[in-house]
Amino acid sequence: MQQPPACQRAVLGLIAAAVLLPITICVIVGVALLLQGMGDPWGAAVLLRIALAGGILWVVNLVCLVLTLAVGSLRGPDEPDEQ
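Everything in this summary refers to the structure shown in the same document.

Considering the overall build of the protein
Here is step 1: Secondary structure assignment for the protein yields two helices and zero strands.
Here is step 2: Residues counted as buried form 20% of the 83 residues belonging to the protein.
Here is step 3: Taking all contacts inside the protein whose residues are at least 6 apart in sequence as the whole, residues at least 24 apart take part in 68%.
Here is step 4: In the structure as shown, the protein presents an accessible area of about 6,200 Å², 74% of it carried by carbon and sulfur atoms.

What follows is the structure, encoded as structure tokens:
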């Protein structure tokens, strides 16, 4: 079953975000721990809050990805190709 191009682009964007967001969150947490170890608790606290927001965004992204794929699977079969 072929999905429309707009739906394919949405799914690809959501998949890319689902792969990149955890990497970004890990880097932010790592830098926060580095700042905390260097004696900057305020900077670490800010980065940990940003990482938390990224985690929430990641969960929302995964829910949107599942819903987009579910809606795409509800479509009927495509029209047969005309040759």
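Side note on a nonpolar patch on the surface
Here is step 1: Together, Ile-15, Val-19, Leu-20, Ile-23, Val-27 and Val-31 make up an exposed nonpolar region whose accessible area comes to about 520 Å².
Here is step 2: In this fold, Ile-15 is placed in helix α1 (residues 5-37).

Some remarks on the environment of Gly-55
Here is step 1: With respect to the helices and strands, the residue Gly-55 is situated in helix α2 (residues 41-74).
Here is step 2: It is 7.5 Å that separates the C-alpha atoms of Gly-55 and Pro-22, two residues lying 33 residues apart in sequence.

Some words on α2
Here is step 1: For α2, built from 34 residues, the straight-helix expectation of 50 Å at 1.5 Å per residue is met to within 8% by its first-to-last C-alpha distance of 50 Å.
Here is step 2: Where α2 is concerned, the buried positions are Gly-43, Ala-44, Leu-47, Ala-51, Gly-54, Asn-61, Leu-65 and Gly-72.
Here is step 3: In this fold, the buried residues of α2 make contact with α1.

A word on the nonpolar core
Here is step 1: Core analysis: the biggest nonpolar cluster contains five residues, these being Ile-25, Ile-28, Ala-32, Leu-47 and Ala-51.
Here is step 2: Of all the secondary-structure elements, those providing two or more residues to this core are α1 and α2.
Here is step 3: In terms of residues, this core owes the most to one element, α1, which gives three residues.
Here is step 4: Beyond its immediate chain neighbours, meaning those up to four positions away, Ala-32 contacts Ala-44, Leu-47 and Leu-48.

Here is what the cut-offs are and how they apply
- Residues numbered from 1 in each chain as written.
- Predicted model: local features only at pLDDT ≥ 70, side-chain atom pairs only at ≥ 80, totals over all residues.
- Heavy atoms only, no water.
- Helix = DSSP H or I, 4+ residues; strand = E, 2+ residues; numbered from the N terminus.
- Buried < 20%, exposed > 50% of the residue type's maximum accessible area, 1.4 Å probe, protein only.
- Contact = heavy atoms within 4.5 Å.
- Areas by Shrake-Rupley, 256 points an atom, 1.4 Å probe, with all protein chains shown as cover.
- Patch = residues over 30% accessible without salt bridge, like charges linked within 9 Å, V, L, I, M, F, W, Y side chains within 5 Å.
- Salt bridge = Lys/Arg side-chain N within 4 Å of Asp/Glu carboxyl O.
- Expected span 1.5 Å × (residues − 1).
- Core = buried A, V, L, I, M, F, W, Y, C linked by side-chain atoms within 4.5 Å.

Scope: geometric values only; no functional claims are made or implied.
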